[in-house]
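Fold and geometry: a report
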Amino acid sequence: MGSSDTGGFAVSEIERERRAFRRSRKQRSILVSLASTLVFAGFIAVVIVNSPGWERVRETFFDPAVAIASLPRVLEGLWLNIQVLAVAVIGVAILGTLLAVARTLKGAVFTPIRLLAAGYTDFFRGIPVLLVLYLVGFGIPGLEITGRMPPQFWGAIAIILCYSAYVAEVLRAGIDAVHPSQRLAARSLGLSHGKTLRLVVMPQAVRKVTPALMNDFVSMQKDVGLISVLGAVDAIRAAQIEVASSYNFTPYVLAGILFVLLSWPFVRLTDWVTARAQKREQIGGAV
């Protein structure tokens, strides 16, 4: 007979031994991973510090005085990146959802809409983001159909156009992954096509592809820094200005570190959501 454990269930001694063995193996794996990581990092540090050009590189790229002096300007530019990112997230969510729904429409009458949505996604997934920024940021203003707009406005438009194509394909995959019986059950209850899509299909589709959507968000957060090519004084352009005035590349390193710090929480959240989804899908598969 086993002793009582939490939840009122009886746990046998054999099961307790198995759990203790798994805990010990896990602790051992953590210690080995930590030790190997420290050894590898130490080896890389020794190689870099003892390289012939380390002192010159340290003065050029890792000058603390230059980093502190340029920090306020780079932070001000980073705030512009965050504002553009916030606008782009909303725009991508709306346009990407519309494209995904358009590509999943049934019936011959919707063929032109499906073809248009497919052409859009194929085009903007194939063209580099940098080229879209140039075409939108310099081409559309050249038509003189709008008033003078700031470069961050056109940068946000270009980001939305590109990443809507990626998000649309991810959402379409999630919609197609929902079993047809879900739609049939919703329609049998009297729900219209629109309500079925909004209340039944889309919530399940988004849950299935949440890790992929979060990966797209992290990538978009990084590519927002490309708006500097249009003349917007964001973190990258602010760092470029500081480099030109100090003849030191430390501001570039500072801008890169700030972008990493900005994306790190979302990267870790993406990993957690992915692991949680994988664990949920594998429930009952372990023996």
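Heads up: the structure comes first, above all this text.
Now for a description of the structure that goes with this document. For every chain, the first residue of its written sequence is number 1, and the numbers climb from 1 along that sequence. The predicted nature of this model means local features are confined to residues of pLDDT at least 70 and side-chain atom pairs, given and counted, to a pLDDT of 80 or more, with totals for whole chains, interfaces and linings taken over all residues. Heavy atoms throughout the structure, all of them, feed into the side-chain values; hydrogens and water do not.

Right, let's talk about the overall build of the protein for a bit. Starting at the N terminus, helices and strands are each numbered in turn, a helix being any DSSP run of H or I of at least four residues and a strand any DSSP run of E of at least two. When you go through the protein residue by residue, the secondary structure sums to eleven helices and two strands. Counting from the amino terminus, helix and strand elements in the protein follow one another as β-β-α-α-α-α-α-α-α-α-α-α-α. Here the term buried applies to any residue with accessible area under 20% of the maximum for its type, exposed to any over 50%, and partly exposed to those in between, with areas from a 1.4 Å probe on protein chains only. The buried share of the protein, taken over its 287 residues, is 31%. Restricting to contacts in the protein with at least 6 residues of sequence separation, those with at least 24 account for 71%. In this tally Asp and Glu are treated as negative and Lys and Arg as positive; neither His nor the chain ends contributes. Working definition for charges: the position is that of NZ of Lys, CZ of Arg, CG of Asp or CD of Glu. The protein carries 29 positive and 18 negative side-chain charges, and their two centres are separated by 11 Å. Only heavy atoms enter the contact rule, under which two residues are in contact if any of them lie within 4.5 Å.

This part is about the packing of helix α6 (residues 151–177) against helix α9 (residues 210–223). Describing two packed helices takes the angle between their axes plus the distance from one axis to the other. Angles run from 0 to 180 degrees between N-to-C directions of axes, and those axes are lines fitted to C-alpha atoms, restricted for helices to the stretch in contact. At a minimum axis distance of 10 Å, the contact between α6 and α9 shows a crossing angle of 170 degrees. Here α6 lies roughly antiparallel to α9, going by the angle between them. Classified by chirality, the crossing of α9 by α6 is right-handed. Together, I159, Y163, Y166, V167, V170 and L171 of α6 and A212, L213, D216, S219, M220 and D223 of α9 make up the contact between the two elements. Each residue gets one label: Ala, Val, Leu, Ile, Met, Phe, Trp, Tyr, Cys and Pro are nonpolar, Asp, Glu, Lys and Arg are charged, and the others, such as Gly, are polar. Tallied by class, the residues present in the contact of α6 with α9 amount to nine nonpolar, one polar and two charged. Any angle from 65 to 115 degrees is called roughly perpendicular, while one under 35 is roughly parallel, one over 145 is roughly antiparallel, and all others are oblique. Handedness of each helix crossing follows the sense of rotation of the near helix against the far helix: counterclockwise by less than a right angle gives left-handed, clockwise gives right-handed.

With respect to the helices and strands, E242 occurs in helix α10 (residues 235–246). Salt bridge criterion: a side-chain nitrogen from Lys or Arg within 4 Å of a carboxyl oxygen from Asp or Glu. Put simply, E242 is tucked away with no salt bridge, and the nearest opposite charge, on R73, sits 4.1 Å away. Residues in contact with E242, not counting those within four places in the same chain, are S70, R73 and P251.

Without other data, these values stay purely geometric and don't point to any function.
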